[in-house]
Amino acid sequence: LFLAPLFSLQQINLSSPVPSITIWAIRWYLFRIMMGAGLIKLRSNDPKWFQTWSAMDYFYETQPVPNPFTKYFHFMPKWWHRFEVGCNHFVELIAPWLLLVPNVGGFGRMCGLCGGLIQISFQMLLISSGNL
């Protein structure tokens, strides 16, 4: 998502605030990506995601580009894989709503920061596990 002027060679004034429409566009973009990922799992009716919570038992065996840490993630206990599925549901279906809370009295800012930290942590974990 590039929001810089394409044909301008003038330096951007650092003291000018980012337009609120830009901030809301980025929040909406992130919300749609994460919510879409969660809803596609929900809509698939795959029992491994919402009945047995066993999707992560097979995930590390089937990813296309594993890294050296993948082996350690794969051999974690079954309860850990169930916990991973639960965290995935939380990050993809509940946490994106934190990005859309308006800033009223500082509460929305805290929600936005928490939502952003949750998403960044989740993406770092995905990258470290080999899902790039």
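See the structure printed just above.
Residues numbered from 1 in each chain as written. Predicted model: local features only at pLDDT ≥ 70, side-chain atom pairs only at ≥ 80, totals over all residues. Heavy atoms only, no water.

A. View of the overall build of the protein. Scanning the protein from N- to C-terminus turns up six helices and zero strands. Its helices and strands taken in sequence order, the protein reads α-α-α-α-α-α from the N to the C terminus. Taken over the C-alpha trace, the protein has a radius of gyration of 18 Å; the compact-globule value for 132 residues is 14 Å, which it surpasses by more than 25%. Based on the C-alpha atoms only, the size of the protein along its principal axes is roughly 55 × 35 × 25 Å. Considering only residue pairs separated by 6 or more positions, the protein has 65% of its internal contacts joining residues 24 or more positions apart. (Helix = DSSP H or I, 4+ residues; strand = E, 2+ residues; numbered from the N terminus. Rg over C-alpha atoms; globule rule 2.2 N^0.38 Å. Contact = heavy atoms within 4.5 Å.)

B. Summary view of the packing of helix H3 (residues 55-62) against helix H5 (residues 78-94). Direction vectors running N to C along H3 and H5 enclose 95°, while the axes themselves pass 7 Å from each other. As the angle between them shows, H3 and H5 are arranged roughly perpendicular. Only Lys78, His81, Arg82, Glu84 and Val85 of H5 make contact with H3, whose side of the interface consists of Ala55, Met56, Asp57 and Tyr60. (Axes fitted to C-alpha atoms, helices over the stretch in contact; angles between N-to-C directions. Parallel < 35°, antiparallel > 145°, perpendicular 65-115°, else oblique.)

C. Here's a closer look at the packing of aromatic side chains. Applying the stated criterion across every chain, the model contains six aromatic pairs. For the ring pair phenylalanine 31 and tryptophan 97, a centre distance of 4.8 Å and an interplane angle of 70° mean the geometry is edge-to-face. Placement of phenylalanine 31 in helix H1 (residues 20-44) and of tryptophan 97 in the loop between H5 and helix H6 (107-128) is noted, with a sequence separation of 66 residues between them. Taken together, a centroid distance of 5.0 Å and an interplanar angle of 75° make the contact between phenylalanine 59 and tyrosine 60 edge-to-face. The buried category is assigned to tyrosine 60, whose relative accessible area is 7%. Each residue in the set Trp28, Phe31 and Trp97 is aromatic and connected to the rest through ring pairs, giving one cluster. Cation over ring: arginine 27 sits above tryptophan 24, and NZ or CZ is 4.8 Å from the ring centre. (Phe/Tyr/Trp six-rings, centres within 6.5 Å; stacked < 30°, edge-to-face > 60°. Buried < 20%, exposed > 50% of the residue type's maximum accessible area, 1.4 Å probe, protein only. Lys NZ or Arg CZ within 6 Å of the ring centre and 35° of its normal.)

D. Focus on the side chain of arginine 27. Here arginine 27 is to be found in helix H1. For the buried residue arginine 27, which engages in no salt bridge, the nearest side chain bearing the opposite charge is glutamate 92, 20 Å off. Setting aside residues no more than four positions away along its own chain, arginine 27 makes contact with Leu99, Leu100 and Val101. (Lys, Arg positive; Asp, Glu negative; His and termini not counted. Salt bridge = Lys/Arg side-chain N within 4 Å of Asp/Glu carboxyl O.)

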